[in-house]
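# Summary of structural features
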Amino acid sequence: MEKNIEIVIIEDEEDILELLEYHLSKEGYAVTGFLSTENVEQFLEEETPALMLVDRNLPGTEGSEFVAYLRDIGYDIPVIFLTAKDQESELEEGFTAGGDDYICKPFNPRELTLRVKALLKRSGALQEQERLKYRELTMDLSKKKLFVNDEPVSLTNLEFNLLHTFMKNVDKPLTRDYLRQEAWGQDGEGVNDNAVNVAINRLKNKIDPDGQQNYFHPVWGVGYKFH
């Protein structure tokens, strides 16, 4: 869904940078990481990322100083500061420098992805992404509605989440564990493989009742692929 949205991360601790890249890539964003502010300006001349995650405590140039500099030369890319600095004066400093949001380390990955999404929505970068289309199917993500050949089809909340998971991962073999985690969430622990199969069959009967589209393909020893 977010594959055209590019995010830049500037973080000098390599393990944290990798963790951030992992969680944001998993959400479907295109991510470019830097260990310092060096080369970032050059990158911005060629690319137009939708968002930057900037560590405050960087080698050379302090993160908020770098963002203030970017604002001065005309860049208005939304910025989330990452920092261990959570004192009020330092928060204020970050916002004054042109930050749009703040995440304190150690961070919760889910909170991070939700804050990123909220800021992308506020800045308008995610507006066009509210509809997800694949072949005969169109999902309106904000209204939680599905259209098959432009005709509305009623899905349960679970079926909607399940289809959304498949449509974000077209042609990728997905394990039943992954489907449980994405579609059922915390309730997925008590869901057995048979219940996953039943839910997929119910969904299949709703979106492709005559079986002509053949969206779902079992992958032996793995789970399912949506094609």
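Here the structure is a predicted model, which means the values were calculated and not measured.

## Re the sheet that holds strand 12 (residues 223–226)
Read from one edge to the other, the open sheet built from three strands follows the order 10-12-11, with strand pairing classed as antiparallel. Single-partner strands in this sheet number two, and they are strand 10 (174–175) and strand 11 (216–219). Relative to strand 12, strand 10 runs antiparallel, the two sharing two bridges. Following the sheet pairing, Leu174 is matched in strand 12 by Tyr224. Seen against the sheet, helix 6 (residues 157–168) touches strand 10, strand 11 and strand 12 and runs at an angle of roughly 70° to strand 12.

## Re the side chain of Asn169
By the secondary structure assignment, Asn169 is in the loop between helix 6 and strand 10. Take Asn169: its relative accessible area is 9%, and that puts it in the buried class. Apart from the residues within four sequence positions on either side, Asn169 is in contact with Leu174 and Tyr178.

## Focus on the sheet that holds strand 2 (residues 30–34)
Strand order across the open sheet formed by five strands is 2-1-3-4-5, with parallel pairing between neighbours. Each of the sheet's edge strands pairs with one partner strand only, and the pair in question is strand 2 and strand 5 (101–104). With strand direction ignored, the average angle separating the axes of adjacent strands in the sheet is 20°. Summarising the sheet, strand 1 (residues 6–10) and strand 3 (residues 51–55) pair through four bridges and their orientation is parallel. When the bridges of strand 3 are listed, Ile10 appears paired with Val54. Across the face of the sheet, helix 1 (residues 14–26) comes into contact with strand 1, strand 2, strand 3 and strand 4 (79–83) while running at roughly 170° to strand 2.

## Regarding the pattern of salt bridges
Inspection of the entire model under this criterion finds eleven salt bridges. Between Lys105 and Asp55 there is a salt bridge; the shortest N-O distance is 3.1 Å. A residue pair is termed long-range when its members are at least 10 positions apart, and Lys105 in the loop between strand 5 and helix 5 (109–123) and Asp55 in strand 3 qualify at 50 residues. The class for Asp55 is buried, based on a relative accessible area of 2%. Between Glu111 and Arg115 there is a salt bridge whose closest N-O contact spans 2.7 Å. In this pair, Glu111 and Arg115 are both assigned in helix 5, four residues apart and thus about one turn of the helix distant. Within this structure, Glu11, Glu13, Asp55 and Lys105 form a network of salt bridges that share partners.

Conventions and cut-offs
- Residues numbered from 1 in each chain as written.
- Predicted model: local features only at pLDDT ≥ 70, side-chain atom pairs only at ≥ 80, totals over all residues.
- Heavy atoms only, no water.
- Pairing = 2+ DSSP bridges.
- Helix = DSSP H or I, 4+ residues; strand = E, 2+ residues; numbered from the N terminus.
- Contact = heavy atoms within 4.5 Å.
- Axes fitted to C-alpha atoms, helices over the stretch in contact; angles between N-to-C directions.
- Buried < 20%, exposed > 50% of the residue type's maximum accessible area, 1.4 Å probe, protein only.
- Salt bridge = Lys/Arg side-chain N within 4 Å of Asp/Glu carboxyl O.

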